[in-house]
Amino acid sequence: MAGRGRGRGRGGGKGMSFSVETLGFGRGEALPAPTLQPPPLFPPLEFKPVALTTGEEMDYILALKQEFRATMKELPYYVKAQEKKKDIERYTDKYQTGQQDSSINWEPDWKRFPKELKIRVRKAAKIQAVVRPSLPKKTISRKADKDVLQTLEELEKKAVEIDAEKDEEDEEEKKEEDGEQEEEEEYDEEDLEEETDYNLNYFDNGEGYGMEDEDDNLDDGPTY
Amino acid sequence: MSSSATRLCFLILKERYGEVVASVACCLAKKNYCPLRMLSQDSGLKLDQVKKALCTLIQHNLVTFQQNKKGFIEYVIHAEKVLQQTRFPRYIYCAKTLYGDPAELIIEELLQHGQMTLEKVVQRTIDRLTEAMEGKQNVSSTLVKEKFVNLVQTHFVQRCTSPDGNVENKEVASMPVLSVSPEELYVVPKMELDGFESRKRKRSGEGSEAASKRIKTDESESSESSIFWRVNVSRFHQYLRDQAIVQAVASKIDKNAAEVVRAMLRLSEVKTDEGALVASAMTVTEVFQNLPREFGISKQTIEQYMKLLSEDSSEFVSKVSDSGGGMYVINFKKLITVLCRAHIESAVQERFGSKCFRIFRLLLMKKNLEQKQIEEYAMIPSKEAKELLYRMFEEKFVSLTEVPKTPDHAPSRTFYLFSVNINQVSRMLLERCYQACGNLIIRREHETKENRRLLDKQQRVDAITASMEQSGADPSQKEEIEQMITPPEKAQLTKIKHMTNKIEHSELQLDDTIFILQTYLQYAHMK
């Protein structure tokens, strides 16, 4: 408290909390006026820059530099930025990947690079786009028939004996899996390279969803 | 890394490899270590683009990769190598002065492609040489290969790290383990040199009737050599450092002294290893024997020069013992410090004028001085001296230490000592150089962008006239085409050319300063 009081008292007196003499101003000397403006945007240049060294050597290096710069732009290492989307995302955009620059324009020696950097060329994607629409339909219709029959049967059975249900469920799951596997195999043939493509492997036509629900309900039944 | 250095990195990479690569590199530089997925997320770029960018960066020795404990592959960028890219023209020039045109092209090719096999380098060099000579003279591959071996033997070119020979491992692992043994780093295997004929013959010889087809496929197989080569940047830096030292001696003493120092440096090149602070000791006789005869300097003169050099204030050469007629060494660290100091001093002189320079040198000489003392020693009126000193202090060329007489740090009872910290000042200057270099690149880009239309037009006209020349068209037609560029456009074009030339010129010269500052800081770290 005392400290603060003293500071304020002094400050009020002369405007400084320390003796001005330490800054190098004489006793009677006027202090410089406070600056209220920002410094000029372009202050006058006091010292001109030194001229650049010239000579044959420098000229040659300069030519080398310009040439090097020009050639680097033409080499395949120059990665061009992807074109920006014009307006909106279109359905057809999906099928137009790979036309532009999904591949590396030069051939790295893959023995020396991490494998994950390899860009898989999606040539299969186009064929898929043609073939695909007919495929799911078939499987769905086939499967739907089967499933309806299956479920009816199962429901009958379940109505008769609920206890044996669990075994059946397993079977059913297996069958379902088999069905799905068929599908998967079909896809796999098309894009063997795309092992890591999560979306494709994880294909779910949504059929299992309702089923599970039903089963769950039935499952829950006896526990009440 | 500082923000100005990052900015410069971005600009350099953008110019060389495109914006995608640059932004990937900058993201990486911020992270230090980063796996692929995260990189794509952070940069906001598509995965494929990031992959491409990383491939380019790895190819140019700017990024390396390693596996972390969790099995991810992490990428590391070497920002200092990115900054060195501005020095490429100088390396190429070095190679030219040392080993002639073929070496120049070899280095240029290697720098353009980052890593290359010997065969490809040789092939491309030969192609370009023949092109330059317009087919008048046949360039033999043995000459080019000889140059290549020269470059490797003098360590200007080195082997890249290559995957381990363990084949089983390669199949399983997601990334190759790259390594190279230090003994092999500068060895060109004979197999590579002999060309691929001998190998081919061996292979086709074992099959009975391999037929020409078989040989052809063999050829394509064997051309996939697994040894890649790259430019050894640090060797070039060593050479540039030596050049700078020789130049300094020449300007301080005379040409003969420079030759003596050059001979000493050449001797030390063989004896001392790369990172040494001090070259190994050598006798006067050794220096004499190494000096080319045409200078006609006698042994006595060399002794005198040695004395002169060792007694000079910058102490280019120091005497370590009297045995064998005097053993002398070159202290690189000291010399680079002297060079760096000279650079800083000239910066002060050009920036603040000669009076400030006087104060600055005074501080360098006397280390710590009070304000009053500075005024006295520099013999500058107190008011002016204060202004000058504070200006330097404001721009951080001069630092201040408070030495309180009493523990309460009262200003009236405190000594204010001004001093110069060379290390800190060179760091600050280096930052400014990076900033300036970045500004230059931006300015140049801006100028070309503004005049893109005109430049394109000129390019088109040039292409048309060139094609007309080839087809042997009428000169009047040619003239007509050339007149497509109007006189004011022509004037504008020359103006642009002059401007870009000047800007690039400044970039190169700025890089010289950057080189000295970097080298000094590098030596300052090694103790």
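Residues numbered from 1 in each chain as written. Chains lettered and ligands numbered in written order. Predicted model: local features only at pLDDT ≥ 70, side-chain atom pairs only at ≥ 80, totals over all residues. Heavy atoms only, no water.

A word on the overall build of chain B. Looking only at helices and strands, chain B has 25 helices and 14 strands in total. Relative to its full complement of 527 residues, chain B shows a buried share of 47%. Sequence-distant contacts in chain B: of pairs separated by 6 or more residues, those separated by 24 or more amount to 62%. If you sum the accessible surface of chain B, you get close to 27100 Å²; carbon and sulfur atoms cover 51% of it. (Helix = DSSP H or I, 4+ residues; strand = E, 2+ residues; numbered from the N terminus. Buried < 20%, exposed > 50% of the residue type's maximum accessible area, 1.4 Å probe, protein only. Contact = heavy atoms within 4.5 Å. Areas by Shrake-Rupley, 256 points an atom, 1.4 Å probe, with all protein chains shown as cover.)

Once that is clear, we can look at the side chain of B:Asn451. All names here are of chain B. Within the secondary structure, Asn451 is located in the loop between α22 (422–450) and α23 (452–471). On the basis of relative accessible area, Asn451 is assigned to the buried category, the value being 12%. If we skip the residues at most four places from it in the chain, Asn451 touches Gln492 and Ile496.

Looking now at the sheet that holds strand β14 (residues 414–419) of chain B. Ordered in space as β12-β14-β13 (chain B), the three strands form an open sheet in which the pairing is antiparallel. Only two strands of the sheet have a single neighbouring strand rather than two, namely β12 (369–370) and β13 (399–404) of chain B. (Pairing = 2+ DSSP bridges.)

Here the focus is the UniProt feature "domain: DNA-directed RNA polymerase III subunit RPC3 winged-helix" (unreviewed entry) in chain B. The positions UniProt marks with the feature "domain: DNA-directed RNA polymerase III subunit RPC3 winged-helix" (unreviewed entry) are residues 344–420 of chain B. End-to-end, the C-alpha atoms of residues 344–420 of chain B are 11 Å apart, and along that stretch the chain is 56% helix and 18% strand. (UniProt positions renumbered as here; feature names shortened; annotations may be inferred.)

As a further point, take the pairing of strand β8 (residues 228–231) of chain B. Residues and elements named next belong to chain B. Burial of the side chains of β8 extends over both faces: Phe228 and Arg230 are buried on one face and Trp229 and Val231 on the other. Pairing geometry for strand β5 (residues 157–159) and β8, over three bridges, is antiparallel. What sits directly across from Arg159, in β8, is Trp229.

The next subject is the interface of chain A and chain B. Opposite the 47 residues of chain A that make contact, chain B presents 70 residues. With both chains or domains summed, chain A and chain B bury close to 5400 Å², and 59% of this area falls on carbon and sulfur atoms. Between the two partners, chain A and chain B, sit five salt bridges. A salt bridge links B:Glu504 to A:Arg69; the nearest nitrogen and oxygen atoms lie 2.9 Å apart. (Buried area = accessible area lost by both parts, 1.4 Å probe. Salt bridge = Lys/Arg side-chain N within 4 Å of Asp/Glu carboxyl O.)

Moving on to the side chain of B:Ser268. All names here are of chain B. Among the secondary structure elements, Ser268 is positioned in helix α15 (residues 255–271). Judged by relative accessible area, Ser268 falls into the buried class, the value being 2%. Of note is the side chain of Ser268, whose polar atom sits 2.9 Å from the backbone oxygen of Leu265. What Ser268 contacts, discounting residues up to four positions off in sequence, is Ala279, Met282 and Phe332. (Polar contact = N/O pair within 3.5 Å; in protein donor to acceptor, adjacent residues only side chain to side chain.)

Residues and elements named next belong to chain B. Averaged over chain B, the pLDDT score is 83; the fraction of residues at 70 or greater is 90%. Within chain B, no element has a lower average pLDDT than helix α13 (residues 211–222), which sits at 40, and none a higher one than α22, at 94. Residue range residues 167–172 is modelled with pLDDT below 50. Its contacts to residues more than four positions away, or to other chains, number four contacts. Confidence over residues 196–224 falls short of pLDDT 50; this stretch has 13 contacts with residues more than four positions distant or in other chains. We note a pTM of 0.74 for the whole complex and an ipTM of 0.81 for its interfaces. (pLDDT = per-residue confidence, 0-100.)

Pairing between strand β2 (residues 63–67) of chain B and strand β3 (residues 73–77) of chain B: five bridges, direction antiparallel. Its bridge partner lying in β3(B), B:Gln67 is registered against B:Ile73.

Moving on: the sheet that holds strand β11 (residues 327–330) of chain B. Paired through backbone hydrogen bonds, the strands of a sheet run either parallel or antiparallel to each other. All names here are of chain B. An order of β9-β11-β10 is seen for the three strands of this open sheet, with the pairing classed as antiparallel. A single partner strand is all that each edge strand has here, and the edge strands are β9 (282–283) and β10 (317–321). The pairing of β9 with β11 spans two bridges and is classified as antiparallel. Of the residues in β11, the one forming a bridge with Thr283 is Met327.

The next point concerns the environment of B:Tyr328. Residues and elements named next belong to chain B. Looking at the element boundaries, Tyr328 is found in strand β11. Each C-alpha atom of the pair Tyr328 and Ala279 lies 9.2 Å from the other, and the pair is 49 residues apart in sequence. Setting aside its immediate chain neighbours within four residues, Tyr328 contacts Met264, Ser280, Ala281, Met282, Val284, Met306, Ser310, Val317, Ser318, Lys319 and Val320.

Residues and elements named next belong to chain B. Scanning the model with the defined rule gives 29 salt bridges over all chains in all. Lys14 serves as the salt-bridge partner of Glu445, at 3.7 Å between the closest nitrogen and oxygen. With Glu445 in helix α22 and Lys14 in helix α1 (residues 3–17), this pair connects stretches of sequence that are 431 residues apart. Of the charged contacts in the structure, one is a salt bridge between Glu489 and Lys457, with a shortest N-O distance of 3.0 Å.

A word on a nonpolar patch on the surface. A cluster of nonpolar side chains, A:Val148, A:Leu152 and A:Leu155, forms an exposed patch at the surface whose accessible area comes to about 260 Å². Turning to its location among the elements, A:Leu152 is positioned in helix α4 (residues 134–160). (Patch = residues over 30% accessible without salt bridge, like charges linked within 9 Å, V, L, I, M, F, W, Y side chains within 5 Å.)

All names here are of chain B. An ideal rise of 1.5 Å per residue puts 30 Å on 21 residues; helix α18 (residues 332–352) measures up with 30 Å between its terminal C-alpha atoms. When we look at burial in α18, the residues that qualify are Phe332, Leu335, Ile336, Leu339, Cys340, Ile344, Glu345, Val348 and Phe352. One side-chain oxygen at the N-terminal end of α18 lies 3.2 Å from the backbone nitrogen of Lys333; it belongs to Asn331. Downstream of α18 by a residue or two, Gly353 has a phi angle that is positive, lying close to 95°. (Expected span 1.5 Å × (residues − 1).)

Residues and elements named next belong to chain B. Along helix α3 (residues 36–43), the residues classified as buried are Leu36, Leu39, Ser40 and Ser43. The buried residues of α3 occupy one face: seen down the axis, they fall within an arc of 95°. Exposed residues lying more than 90 degrees from the buried face of α3 are Arg37 and Gln41. Of the surrounding elements, those touching the buried residues of α3 are α2 (19–31), β1 (33–35), α4 (47–59) and β3. (Arc of directions from axis to C-beta.)

Turning our attention to the state of the cysteines. Residues and elements named next belong to chain B. Per the counting criterion, the structure on display carries zero disulfides over all chains. Cysteine Cys27 is unpaired, with the sulfur of Cys26 as its nearest cysteine sulfur at 7.6 Å. A relative accessible area of 15% places Cys27 in the buried class. No disulfide involves Cys340; its sulfur sits 10 Å from the nearest other cysteine sulfur, which is in Cys433. For Cys340, a relative accessible area of 0% corresponds to the buried category. (Disulfide = S-S within 2.5 Å.)

Let us now look at the packing of aromatic side chains. According to the stated counting rule, one finds 11 aromatic pairs over all chains in the structure shown. Taken together, a centroid distance of 5.8 Å and an interplanar angle of 50° make the contact between A:Tyr60 and B:Tyr93 tilted. You can see A:Tyr60 sitting in helix α2 (residues 56–74) and its partner B:Tyr93 sitting in helix α6 (residues 88–99), one on each of two chains. The buried category is assigned to B:Tyr93, whose relative accessible area is 17%. (Phe/Tyr/Trp six-rings, centres within 6.5 Å; stacked < 30°, edge-to-face > 60°.)

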